[in-house]
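Residues per chain are reported as follows:
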Amino acid sequence: MKRKHFIQYLGATAVGTALIPQSLAGHSDSSKPPKGKKPSVYIVPQGAEISNAPHNEKYWGAVASNFIRPQGFINLENGYFSHQPQGTLRYHIDAETAINTQTSHFMRTAQTQAIEAARTAFADFQGLIPEEVAFTRNTTESLNIIIMGTQWQAGDEAIIGDQDYGSMVEAFQQAVARWNIRLSVAEVPVHPKSDAEIIRAYTSLITPRTKMLHLTHMINLTGQLIPVVAITREAKKINPNIFVVVDAAHSLAHTPMDMSELRNAGIDAIGGSLHKWLCNPIGAGFLFVKQRNIREIWPLMGDISADRTDIRKFEHQGTRPIQSLQTIAKAIEFHRLLGSASKYNRLTYLKLLWIGNKQALENFGKGLGILNDPIYQANMNAVTDLMNMDSFKLQSPLLPFNRGGAIATASVSGYTPTELANTLMNKFGIFTVGIDHPVIRGVRVTPHLSSSVSDCIALNKAFTAICVDLIPHLEPIK
Ligand SMILES: Cc1ncc(COP(=O)(O)O)c(C=O)c1O
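Keep in mind that this is a model prediction, so the values were computed, not measured.

The rules we used
- Residues numbered from 1 in each chain as written.
- Predicted model: local features only at pLDDT ≥ 70, side-chain atom pairs only at ≥ 80, totals over all residues.
- Helix = DSSP H or I, 4+ residues; strand = E, 2+ residues; numbered from the N terminus.
- Buried ≥ 20, exposed ≤ 12 C-beta atoms within 10 Å, placed from the backbone.
- Contact = placed C-beta atoms within 7 Å.
- Near = placed C-beta within 6 Å.
- Nonpolar A, V, L, I, M, F, W, Y, C, P; charged D, E, K, R; others polar.
- Pairing = 2+ DSSP bridges.
- Axes fitted to C-alpha atoms, helices over the stretch in contact; angles between N-to-C directions.
- Expected span 1.5 Å × (residues − 1).
- Parallel < 35°, antiparallel > 145°, perpendicular 65-115°, else oblique.
- Left-handed = near helix turned anticlockwise from the far one by under 90°.

Enquirer: I would appreciate a short explanation of the overall build of the protein in the present structure.
Expert: The secondary structure content of the protein amounts to 17 helices and 15 strands. The buried share of the protein, reckoned over its 478 residues, is 47%. Excluding contacts between residues fewer than 6 apart, the proportion of contacts in the protein whose partners are at least 24 apart in sequence is 73%.

Quick look at the structure:
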């Protein structure tokens, strides 16, 4: 590949060489992240001559080169958190170094300005207004603020889904024990035939006492995207007072949908993690709460200094790593260089490739006008259609494509989830995660921007070998 096809993207706020306290160096704005020893550079091909089509490994291989790959195994478990591209990592280290150098002086004079700059950057990124965005440590904290901060009365009802994330289910169960509320659980179809089927699963549970509806935008167990906008609209037709809260842990910066679309559809609160698909350093989450609802929700940590209507009342966390917030604008830069739609297409393509389903690959290629590209064809020919194998069962919806993104879960008959994950790791050097849940049992596979076409072909071949050769189960990892 010709070097001139690359722009080594240099973030506007991360140039320079010296690591010195900015206040001592005469900088008036020490809330800005510091100047590092190395610039925080992203390597992203630019220009009309290089295509960002999802199968173009010249482009996506360059994108993947921003990440340091783990040694000794292929990582296809990127659902827990995402590692950061090196430009983000360096920026974060520089920010931490600067705070460490500036000491409490930073915390006492510049931290507020840094948080506000991050708030503005994130709100702008998602089409929200800053006054409706709070920063938390993660989705768990964001949604606990809503669930625990709601003024419940005994007999109030909440609706959750049968595949919601465990921590949220526990939070609602604690609310049951604490306030004697009632919980209804929607059975979300794993292979829905239509949106209407999913909408009905929730709306059929609504009663005049329903106070809250909790929706997981992208289900972590299967990667299924549920139609939160349509569910909200239908739910509010039945009972306009229902408070709709969305778990956006896996949809933020993964699907092309901005959080503003959820807000505009009437969703009242959203929680998400920035260390997943935005590739921000660990420990940053967001909470959106519609302005008119802020007053009635109690903060998790006692706060009387902020006005009751001020979103900042939810941020009373004590001393915290401001460098993770300072890095948000940098992480957004990387995302924007790729573009939401092309990132989503790439992630979807990697999923389709390891599953190998010809019909899905053909529809996908046709839709993007790349089906007849020789490389697209060659990749398609390199994989086996696992769905033709009797022992293979996909636990995620495949079509239409807007029902998912990168994540998919599959099982092989005769294997427990742990046995299958261990076989993939010990025999083939591919790291996934076993999911053993009352509704979903299998291994979850999550490629990310650091993954390659050959990683996914290797997984397809591993599954093929397991299904064809019936490779014996391996002992659990000690
Ligand atoms: C759907 C869903 N919600 C919430 C969470 C919790 O995210 P965090 O650990 O960042 O709070 C996860 C984590 O994987 C998740 O998958």
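Enquirer: Teacher, can you tell me more about the site of the ligand here?
Expert: Neighbouring the ligand are the residues N138, T139, T140, Y165, S167, T216, N220, D247, A249, H250 and S273. Residues that form the shell around the ligand fall into these classes: two nonpolar, eight polar and one charged.

Enquirer: Teacher, can you tell me more about the sheet that holds strand 11 (residues 392–394) here?
Expert: Two pairing modes exist for strands in a sheet, parallel and antiparallel, and in both the strands are linked by backbone hydrogen bonds. If you trace the four strands from one edge of the open sheet to the other, you get 11-12-15-14, paired in antiparallel fashion. The strands lining the two open edges of the sheet, one partner per strand, are strand 11 and strand 14 (433–436). Each adjacent strand pair in this sheet contributes to an overall mean axis angle of 35°, direction not counted. As defined by bridge partners, strand 12 (residues 408–412) adjoins strand 15 (residues 441–445) across three bridges and the pair is classed as antiparallel. Within strand 15, the residue paired with A410 across the bridge is V443.

Enquirer: Whenever I open this one, the sheet that holds strand 5 (residues 157–161) confuses me. Can you help?
Expert: As summarised here, the arrangement of the seven strands in space is 4-10-9-8-7-5-6, forming an open sheet in which the pairing is mixed. Taken across any chain shown, the strands that pair with only one partner, and hence form the sheet edges, are strand 4 (133–136) and strand 6 (182–186). For this sheet the average axis-to-axis angle between neighbouring strands, irrespective of direction, equals 20°. Pairing geometry for strand 4 and strand 10 (residues 285–289), over four bridges, is antiparallel. Note that in strand 10 the partner of F135 across the bridge is F286. Each of strand 4 and strand 10 touches helix 4 (residues 111–126); the most contacted strand, strand 4, lies at about 115° to it. Contacts from helix 6 (residues 166–179) reach strand 5, strand 6, strand 7 (210–216) and strand 8 (243–247), with the element oriented near 160° to strand 5.

Enquirer: Just to check I follow, could you spell out helix 2 (residues 86–102) for this structure?
Expert: An α-helix turns once per 3.6 residues; consequently, residues spaced three or four apart project the same way. Counted at 1.5 Å a residue, the expected span for helix 2 with its 17 residues is 24 Å, and the 24 Å between its end C-alpha atoms agrees. Buried positions along helix 2 lie against strand 2 (41–45), helix 3 (104–109), helix 11 (322–326) and helix 12 (328–338). Just beyond helix 2, the residue with positive phi is T103, at close to 60°.

Enquirer: How should the pairing of strand 12 be read in this particular structure?
Expert: In regular strands, side chains alternate between the two faces of the sheet. In terms of burial, strand 12 is a largely internal element, five of the five residues being buried. Burial along strand 12 is two-sided: the face carrying A408, A410 and V412 and the face carrying T409 and S411 are both buried. Pairing between strand 11 and strand 12: three bridges, direction antiparallel. Note on strand 12: the bridge partner recorded for L394 is A410.

Enquirer: Hey, could you run me through the environment of A114 in this one?
Expert: Along the chain, the position of A114 falls in helix 4. Classification of A114 as buried rests on a count of 22 C-beta atoms within 10 Å. Counting along the chain gives 208 residues from A114 to I322, while the straight-line C-alpha distance between them is 7.7 Å.

Enquirer: Looking at this model, I keep getting lost on the packing of helix 7 (residues 195–203) against helix 8 (residues 228–238). Mind explaining?
Expert: Axis angle and axis distance: for two packed helices, these are the angle between their axes and the distance between the axes, and together they describe the pair. The contact between helix 7 and helix 8 brings their axes to 9 Å, and the two run at 45°. It follows that helix 7 is oblique to helix 8 by the angle criterion. Note that helix 7 runs across helix 8; the crossing there is right-handed. Residues D195, I198, I199, Y202 and T203 of helix 7 lie in contact with helix 8, whose contacting residues are A230, I231, E234, A235 and I238. Here the residues of the contact of helix 7 with helix 8 sort into seven nonpolar, one polar and two charged.

Enquirer: Please clarify how unusual backbone geometry should be interpreted in this entry.
Expert: Negative phi is the rule for most residues except glycine; trans is the rule for most peptide bonds. Of note, the amide linkage connecting L399 to P400 takes the cis form, showing an omega dihedral of -10°. For P400, the location among the structural elements is in the loop between strand 11 and strand 12. At C279, a residue that is not glycine, the phi angle is positive and equals roughly 65°. Looking at where C279 falls in the secondary structure, it is placed in the loop between strand 9 (269–273) and strand 10.

Enquirer: In this structure, what is going on with the packing of helix 4 against helix 12? I would like to understand it.
Expert: As a packed pair, helix 4 and helix 12 sit with axes 9 Å apart at the nearest point and diverge in direction by 25°. What the angle tells us is that helix 4 and helix 12 run roughly parallel. The crossing of helix 4 and helix 12 is left-handed. Contact with helix 4, carried on its side by A118, A121, F122 and F125, involves I328, A329 and I332 of helix 12 and no other residues of that element. Here the contact of helix 4 with helix 12 is composed, by residue class, of seven nonpolar, no polar and no charged.

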